[in-house]
Amino acid sequence: MTQPTKQAATEPAVVLRGVQYSFRKFKALVDINFDVPAQSLHGFVGPNGAGKTTVLKLICTLLKPQTGKVQVFGKDVATDYLEVRRRLGFMPDHFSMYRQMTVYEYLDFFAAAYGLSLATRTKVLDEVLELTDMGGRRGDLINGLSRGMQQRVGLARVLVNDPDILLLDEPASGLDPRARIELMDVLRALRGMGKTIIISSHILSELAELCDSVTIIDRGTIKYCGAMQSLLDHQTDFPTFRLTPAGPLNGLAEKLGASPGIVSVENVEGSLDLSISFDPEILDTNGVLKAAMDLGITVTGFSRAQRHLNQAFMDLTEKGVR
Ligand SMILES: Nc1ncnc2c1ncn2[C@@H]1O[C@H](COP(=O)(O)OP(=O)(O)OP(=O)(O)O)[C@@H](O)[C@H]1O
Ligand SMILES: [Mg+2]
């Protein structure tokens, strides 16, 4: 697989500015503005009906922008759509497959549709089958493959034209935990090859580990776009530390909560999340540990608690499906 054309580090892979989109009178996208950094793994997160698929379809030229600008590697999707399509691979959330074909026949069919010669197809198909770990299944009928394997074939299909940017609409839905983890490994490998990947998903905790940056969309409006780490680090009013005691939590939350400077205590999976109002006269982190030890608690873990992505997501999005 060839290395993608190197982009200047500052040039984003995707830019959306002032994008609105309506299905008849229904405004699916209200005012969309965000950038996706080149060569990044970018999460695209939002509740049902938020507008994720609509945005992805605009980027991949399946829908035409009604208002605003969508650019892929500096090319306008409305005017330069052929060039955009050449550099892009889109895996929709529901895709039908030619189930009576073998894996190889199916991939070869799409590679031929992209105009690849027989010799090039042989080479490219070997590469994508190896990358998606489907080499051993090349002669199998698609009909007999598990969902996880069909998903891999779907991914292999979008790789046959060696795209610089991949748009994957909920690729992990319906996969078991092992298949998900393996898919994430393939995506990391693809990022390592310099590809830009936008992955939409409801599986927030997995995105936190996988993605460099994230966009959160709700009701056709962008709620957050930036580094994944900044979203996780974002604190509410007080810094929070996670304390793990050796034994059971019985009554410890109430006792610690009564210590000066500890604003709130929350039980989280066998640990206590302590929000702390630091006043140097009263409390520093040693003071928190001392308060715990004075209560007879044996501390086995103490670290800065990251706000969980799920919490950030709940804070940024509204109740109810659209
Ligand atoms: N072809 C269409 N005709 C009418 N309304 C549509 C059409 N496609 C999408 N919508 C509406 O636009 C809104 C955004 O839909 P979209 O599919 O982009 O959301 P989504 O974030 O991908 O949701 P999900 O998580 O369920 O896949 C929804 O309210 C949806 O009902
Ligand atoms: Mg969708």
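Residues numbered from 1 in each chain as written. Chains lettered and ligands numbered in written order. Predicted model: local features only at pLDDT ≥ 70, side-chain atom pairs only at ≥ 80, totals over all residues. Heavy atoms only, no water.

Participant: Looking at this structure, how should I read the pairing of strand β1 (residues 14-23)?
Facilitator: Looking along a regular strand, one sees the side chains alternate between the two faces of the sheet. By the bridge criterion, five bridges tie β1 to strand β4 (residues 67-72) in an arrangement that is antiparallel. By the bridge assignment, V15 is partnered in β4 with Q71. Sheet topology places β1 next to strand β2 (residues 26-36); seven bridges connect them, and they run antiparallel. Looking at the pairing, V14 lines up with V36 of β2. Turn length for the β1-β2 hairpin, with the two strands adjacent in sequence and antiparallel, is two residues, and the turn residue R24 shows positive phi of about 50°. (Pairing = 2+ DSSP bridges. Helix = DSSP H or I, 4+ residues; strand = E, 2+ residues; numbered from the N terminus.)

Participant: Help me out: how do you make sense of the nonpolar core in this one?
Facilitator: Taken as a class, soluble globular proteins show a tendency for nonpolar side chains to be buried jointly. By size, the foremost hydrophobic cluster in this structure holds 47 residues, and its most contacted members are V103, L107, V153, L155, L187, L190 and L210. With six residues, the top contributor of residues to this core is helix α6 (residues 177-192). When neighbours within four sequence positions are excluded, V153 is seen to be in contact with M97, V103, Y106, L107, M134, I142 and L145. By size, the runner-up hydrophobic cluster in this structure holds 30 residues, among which are L29, F34, V77 and I217. (Core = buried A, V, L, I, M, F, W, Y, C linked by side-chain atoms within 4.5 Å. Buried < 20%, exposed > 50% of the residue type's maximum accessible area, 1.4 Å probe, protein only. Contact = heavy atoms within 4.5 Å.)

Participant: Where do I start with the sheet that holds strand β13 (residues 271-276) in this structure?
Facilitator: Sheets are built from strands that pair by backbone hydrogen bonding, the pairs being arranged parallel or antiparallel. Judged by pairing direction, the sheet is antiparallel, and its four strands sit side by side in the order β12-β13-β11-β14 without closing on themselves. Both edges of this open sheet fall to β12 (262-268) and β14 (299-304), since each of them pairs with a single strand only. Here the average twist between neighbouring strands, direction ignored, is 20°. Looking at chain direction, β12 and β13 are connected through six bridges and run antiparallel. Bridge pairing in β13 places V268 opposite S271. Seen against the sheet, helix α10 (residues 285-294) touches β11 (240-245), β13 and β14 and runs at an angle of roughly 150° to β14. (Axes fitted to C-alpha atoms, helices over the stretch in contact; angles between N-to-C directions.)

Participant: Got a minute to help me understand the domain arrangement of the chain in this structure?
Facilitator: Annotation of the chain at the domain level lists domain 1 (14-233) and domain 2 (240-306). If you average the C-alpha positions of domain 1 and of domain 2, the two centres end up 43 Å apart. (Domains from an automatic or database assignment.)

Participant: Mind showing me how you'd approach the pattern of salt bridges here?
Facilitator: Two side chains carrying opposite charge are able to pair once their charged atoms lie near each other. Tallying each qualifying case throughout the model produces 15 salt bridges. Residues D212 and R191 are paired through a salt bridge, measuring 2.5 Å at the closest nitrogen-oxygen approach. Of the two residues, D212 sits in the loop between α7 (204-210) and β9 (213-218) while R191 sits in helix α6, which places them 21 residues apart along the sequence. On the basis of relative accessible area, D212 is assigned to the partly exposed category, the value being 33%. Between R242 and D273 there is a salt bridge, and its shortest N-O distance comes to 2.6 Å. (Salt bridge = Lys/Arg side-chain N within 4 Å of Asp/Glu carboxyl O.)

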